[in-house]
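# Overview (structure and organization)
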Amino acid sequence: MILEVDNIHTFYGETQVLFGVSLSVKKGEVVALLGPNGAGKTTTIRSILGLTRARRGSVHFNGADITRAPTHKIAQAGVGWVPDDRRIFPTLTVRRNLEIARKTTGFANWTIDDACKIFAPLEHLLPRECENLSGGEMQMVAISRALVGAPGLILLDEPSQGLAPKIVNDVMNVIRRLREEGLSMLIVEQNVNIALSVADRVFVMNHGRIVEEGPAENYRKQGAARAATLAAAT
Ligand SMILES: Nc1ncnc2c1ncn2[C@@H]1O[C@H](COP(=O)(O)OP(=O)(O)OP(=O)(O)O)[C@@H](O)[C@H]1O
Ligand SMILES: [Mg+2]
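Conventions used here
Residues numbered from 1 in each chain as written. Chains lettered and ligands numbered in written order. Predicted model: local features only at pLDDT ≥ 70, side-chain atom pairs only at ≥ 80, totals over all residues. Helix = DSSP H or I, 4+ residues; strand = E, 2+ residues; numbered from the N terminus. Rg over C-alpha atoms; globule rule 2.2 N^0.38 Å. Buried ≥ 20, exposed ≤ 12 C-beta atoms within 10 Å, placed from the backbone. Contact = placed C-beta atoms within 7 Å. Pairing = 2+ DSSP bridges. Axes fitted to C-alpha atoms, helices over the stretch in contact; angles between N-to-C directions. Near = placed C-beta within 6 Å. Nonpolar A, V, L, I, M, F, W, Y, C, P; charged D, E, K, R; others polar. Core = buried A, V, L, I, M, F, W, Y, C linked by C-beta atoms within 7 Å.

## Description of the overall build of the protein chain
When helices and strands are tallied, the protein chain shows nine helices and 10 strands. Taken over the C-alpha trace, the protein chain has a radius of gyration of 17 Å; the compact-globule value for 234 residues is 17 Å, and the two agree within 12%. Dimensions of the protein chain, computed from C-alpha atoms along their principal axes, come out at roughly 45 × 40 × 30 Å. For the protein chain, with 234 residues in total, the buried portion stands at 42%. For the protein chain, the proportion of contacts with a sequence separation of at least 24, taken over those separated by at least 6, is 70%.

Below you can see the structure in the form of structure tokens.
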């Protein structure tokens, strides 16, 4: 396992939002975390990153206990993040955003040139200021930024959000490419069909709990009506 989240309980102030969440990602696997608005998907990512620390339970990455590690140490250990709001520096160029994010970890190093091989259009964007990019271009930069941080695992929060279907397809193809390169990924999605199209395994959350899990193949076989219920609030 590259990531093991075991029975975490997370609070915002006095309000508990995660109630014993457990999930795992194996090396080279794409795992989808599904569930409706407010289920606790982003909070699970924030707990893994130490941004909103779990009060109980544990998080292990690549064999090490990171439950109480500071966020920058977790990044340094090789956990990459593509936040839901992307958080690109708008007044800097794409190249500068990527340069700032470069670091070495125990995992494979990715140069900006390597990222351009995965995303062909990136090369032409390098001199552009980020504030003028389209949503799809911005997402491409956000994923490339995670990549040049030499991650062993990338946490992607709603990578399809706000993107046109054609662009979503491009992003999912990039995720498949990254899996071929041996990267492990946890993808949080409200768009169940998109997530099922790339995932190896699935966890479904509701009200701060994991309510079901299984191989993505089983869910793909169950069809669209079943998929719709996975994202529905109950
Ligand atoms: N900073 C915060 N302070 C207090 N409560 C919060 C905060 N962020 C989220 N919450 C609450 O925690 C719960 C889980 O939110 P979270 O953002 O993890 O859900 P989500 O599954 O990512 O939802 P979405 O699909 O809308 O992104 C929700 O009830 C939300 O209102
Ligand atoms: Mg969220």
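From this point, things continue past the structure.
## Examining the sheet that holds strand β6 (residues 79-82)
With mixed pairing, six strands are arranged side by side in an open sheet as β6-β7-β8-β3-β9-β10. Each edge of the sheet is formed by a strand with only one pairing partner; in this case those strands are β6 and β10 (209-215). Taking each pair of neighbouring strands and ignoring which way they run, the sheet shows an average axis angle of 15 degrees. Pairing geometry for β6 and strand β7 (residues 153-157), over four bridges, is parallel. If you follow Trp81 over to β7, its bridge partner there is Leu155. On the sheet, helix α6 (residues 135-148) packs against β6 and β7 and is oriented at approximately 170 degrees with respect to β6.

## With respect to the site of ligand 1
In the vicinity of ligand 1, the residues found are Tyr12, Thr15, Val17, Gly35, Asn37, Gly38, Ala39, Gly40, Lys41, Thr42, Thr43 and Gln190. Those elements giving two or more residues to the shell around ligand 1 turn out to be β2 (15-25) and α1 (41-48). In terms of residue count, the dominant contributor to the shell around ligand 1 is α1 (three residues). Across the shell around ligand 1, the residue classes tally to three nonpolar, eight polar and one charged.

## Observations regarding the nonpolar core
Counting residues in hydrophobic clusters, the biggest one holds 72 residues, and the most contacted among them are Leu153 and Met185. A per-element tally of this core places α6 first, with eight residues. Not counting residues within four places of it along the chain, the set of residues in contact with Leu153 comprises Ile2, Leu3, Val25, Phe61, Gly78, Val79, Gly80, Ser184, Met185 and Leu186.

So, to be careful, I would describe these as geometric facts and stop short of saying anything about function.
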